[in-house]
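Fold and geometry: a report
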Amino acid sequence: MMAGSPEQALEQTTVRVDLAERSYDIIIGENLLLEAGTYLAPVLARPRVAIITDATVAALHLTHLQESLDAVGIENDAIIIPAGEGSKNFTQLQAVLDQLLALRIERRDTIIALGGGVVGDLAGFAAAILRRGVDFIQIPTTLLSQVDSSVGGKTAVNVSQGKNLVGAFYQPRLVLADVTALSTLPARELRAGYGEVVKYGLIDDFAFFEWLEMNGAQMLAAAPASPAVLAQAVAVSCRSKAAIVARDERETGDRALLNLGHTFAHALEAEGGYDGRILHGEAVSIGLNMAFTLSSQLGLCPSQDSARVCRHLAQMGLPTDPSQVGLSGLTADVMLEHMRQDKKVSDGQLTFILAKGIGQSFITRDVPEDAVKEMLDNALSTQPNLQKS
Ligand code: GLY
């Protein structure tokens, strides 16, 4: 069921992530950055923070954040990393930790992640290990991070063997999702974030998927996207994620549903070498299409549903097969090799998130590899260029 009325215009809403002593709020609304100090002050153990952000976000939002912290007497310093997935590695983690130590960030201080998924994952991991753990707060500035990566406490860096393979579960103390920040996002990034939004409809919320079919275009409209519609979509997505995280924080069961499409997506991203050719949300869009195609090929899901998913993603301008993201020469065997590094592999066997229909996803390990290979062969045979670039 869809959480909340889709039509309701929404100025500010709070979603609680219920995790006993690690519970926290996600505050969603417009112009929150300008008042960030007021929202942050009550959750700080002492009024001292280090902001970790990237160069692009710093130019757009850092001054506003620092002014709002200064206004309420929160001492602050900023650490600025290069923008892009390439920063999510051990080298950058070490550089950030060195700077945090140089700033003498103490155990009762707080690290703020201001930015998208890369900043959030890196800053969160740094917070998890600095002095064996200091508090941290997420201020996500991309659609993808507002609806997914800033919520639920997954932190990580990428390694050569794959994405997010080294990290920690470490919950933030607060998430501040300011949808006004989305107005400065490049259209491609906003669209890529939509891949994670639509995922929530596909997992268990058919009404939300229908609402997105009606309202998705308004969310992504260039001039200007509707803040109320964006806020509503972020709130529904966060409620959905919060509910799943609350019942399975460490992904021993249901949380794996949030990885619908992601085993395929991570394989595509690994093949792309995280070089910016393919954004995470674009890979997720292709992965969602693959998960529904596989489900329908296995006779689990009506083919009308998988066609409807593919149609909606395409209508929103998202890629649905690898040929659209410049991964030429990719084979099913190479994809499967990447997929074997997936964190959900258990006893050497892949775990799949499949669907009985839109909003009816489920976790299974019972998928014959031949069927996966067949689906991948079909999906990859549409590639126009068989030479590796
Ligand atoms: N992005 C998937 C999860 O947080 O579990």
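Note that the structure is predicted; figures quoted are calculated from it, not measured.

1. Quick notes on helix H8 (residues 227-247)
For H8, with 21 residues, the first-to-last C-alpha span of 30 Å sits near the 30 Å given by 1.5 Å per residue. With 15 of 21 residues buried, H8 lies mostly within the body of the structure.

2. Section: the packing of aromatic side chains
Both the distance between ring centres and the angle between the ring planes are used here to describe each pair of aromatic rings. Overall, the coordinates contain three aromatic pairs when judged by the stated rule. Seen from their ring centres, Phe208 and Trp211 are 5.8 Å apart, and the 15° between their planes marks the pair as stacked. Here Trp211 and Phe208 lie together in helix H7 (residues 206-220), a separation of three residues that amounts to about one turn. Directly above the ring of Tyr200 sits Lys199, whose terminal nitrogen or CZ lies 5.1 Å from the centroid. One Lys or Arg, Lys356, reaches over the ring of Phe362 and ends 5.1 Å from the middle of that ring.

3. Description of the nonpolar core
Ile28, Met219, Phe264 and Leu376 are the most contacted members of the largest nonpolar core, which totals 80 residues. In terms of residues, this core owes the most to one element, H8, which gives 11 residues. Beyond its immediate chain neighbours, meaning those up to four positions away, Phe264 contacts Gly287, Met290, Ala291, Leu294, Met335, Met339, Phe352, Val372, Met375 and Leu376. Ile52, Ile79, Leu93 and Val96 belong to the second largest nonpolar core, which has 23 residues in total.

4. Let's talk about the pattern of salt bridges
Overall, the coordinates contain 23 salt bridges when judged by the stated rule. The salt bridge involving Arg16 is made with Asp25; its shortest N-O contact spans 3.0 Å. Close ionic contact of Arg48 with Asp77 constitutes a salt bridge, the shortest N to O distance being 2.9 Å. You can see Arg48 sitting in strand E3 (residues 48-54) and its partner Asp77 sitting in strand E4 (residues 75-81), a full 29 residues away along the chain. Owing to a relative accessible area of 26%, Asp77 belongs among the partly exposed residues under this scheme.

5. Comments concerning the site of the ligand
Around the ligand, the neighbouring residues are Asp148, Lys154, Lys241, Glu251, Arg255 and Leu258. A distance of 3.1 Å separates a nitrogen atom of the ligand from a polar side-chain atom of Asp148. A distance of 2.5 Å separates an oxygen atom of the ligand from a polar atom in the side chain of Lys241. When the free accessible area of the ligand is taken as 200 Å², the share hidden by the protein chains comes to 91%. Tallied by class, residues from the shell around the ligand come to one nonpolar, no polar and five charged.

6. So, the state of the cysteines
A covalent bond between the sulfur atoms of two cysteines is what we call a disulfide. In total, this model carries zero disulfides according to the counting rule given. Cysteine Cys310 remains unbridged, with the sulfur of Cys301 as its closest cysteine sulfur at 12 Å.

7. Structural notes on the packing of helix H3 (residues 90-102) against helix H4 (residues 117-129)
H4 packs onto H3 with a crossing angle of 55° between their chain directions and a minimal axis gap of 10 Å. When the axis of H3 is compared with that of H4, the two are oblique. Note on packing geometry: the crossing formed by H3 with H4 is right-handed. Of the residues in H4, those touching H3 at Gln92, Leu93, Val96, Leu97 and Leu100 are Leu122, Phe125, Ala126 and Ile129. Looking at the contact of H3 with H4, its residues break down into eight nonpolar, one polar and no charged.

8. Let's talk about the pairing of strand E7 (residues 154-159)
Within E7, five of the six residues are buried, leaving the element largely enclosed by the surrounding structure. In this structure, the hairpin formed by E7 and strand E8 (residues 162-169) is closed by a connection of two residues.

9. Topic: the side chain of Asn259
Checked against the element boundaries, Asn259 lands in the loop between H8 and helix H9 (262-272). Excluding residues within four positions of it along the chain, Asn259 makes contact with Lys154, Glu251, Lys344 and Ile353.

10. Digging into helix H2 (residues 55-71)
Helix length check: H2, at 17 residues, gives a terminal C-alpha distance of 23 Å against a target of 24 Å (1.5 Å per residue), a fit within 8%. Bending of H2 peaks at approximately 60° at the position of His61. Listed in full, the buried residues belonging to H2 are Val57, Ala58, His61, Leu62, Leu65, Ser68 and Leu69. Two or three places before Thr56, at the start of H2, stands the capping residue Asp54, its side-chain oxygen 3.0 Å from that residue's backbone nitrogen. Positive phi appears at Gly73, one or two residues downstream of H2, with a value of about 75°.

11. Looking at the environment of Gly133
Residue placement: Gly133 occurs in the loop between H4 and strand E6 (135-140). Taking the relative accessible area as the measure of exposure, Gly133 reaches 16% and is therefore buried. A sequence separation of 23 residues divides Gly133 from Thr110, and the C-alpha atoms of the two residues are 9.9 Å apart.

12. Things to note about the packing of H9 against helix H10 (residues 280-297)
H10 packs onto H9 with a crossing angle of 135° between their chain directions and a minimal axis gap of 7 Å. For the element pair H9 / H10, the angle class is oblique. Like other packed secondary-structure pairs, H9 and H10 cross with a definite hand, here right-handed. Note on element contacts: H10 touches H9 through His280, Ala283, Val284, Ile286, Gly287, Met290, Ala291 and Leu294, opposite His262, Phe264, Ala265, His266, Leu268 and Glu269. Of the residues that constitute the contact of H9 with H10, the class distribution is nine nonpolar, four polar and one charged.

Rules used throughout
Residues numbered from 1 in each chain as written. Predicted model: local features only at pLDDT ≥ 70, side-chain atom pairs only at ≥ 80, totals over all residues. Heavy atoms only, no water. Helix = DSSP H or I, 4+ residues; strand = E, 2+ residues; numbered from the N terminus. Expected span 1.5 Å × (residues − 1). Buried < 20%, exposed > 50% of the residue type's maximum accessible area, 1.4 Å probe, protein only. Phe/Tyr/Trp six-rings, centres within 6.5 Å; stacked < 30°, edge-to-face > 60°. Lys NZ or Arg CZ within 6 Å of the ring centre and 35° of its normal. Core = buried A, V, L, I, M, F, W, Y, C linked by side-chain atoms within 4.5 Å. Contact = heavy atoms within 4.5 Å. Salt bridge = Lys/Arg side-chain N within 4 Å of Asp/Glu carboxyl O. Near = heavy atom within 4 Å. Polar contact = N/O pair within 3.5 Å; in protein donor to acceptor, adjacent residues only side chain to side chain. Areas by Shrake-Rupley, 256 points an atom, 1.4 Å probe, with all protein chains shown as cover. Nonpolar A, V, L, I, M, F, W, Y, C, P; charged D, E, K, R; others polar. Disulfide = S-S within 2.5 Å. Axes fitted to C-alpha atoms, helices over the stretch in contact; angles between N-to-C directions. Parallel < 35°, antiparallel > 145°, perpendicular 65-115°, else oblique. Left-handed = near helix turned anticlockwise from the far one by under 90°. Pairing = 2+ DSSP bridges. Bend = angle between axes of the 7 residues up to and from the residue.

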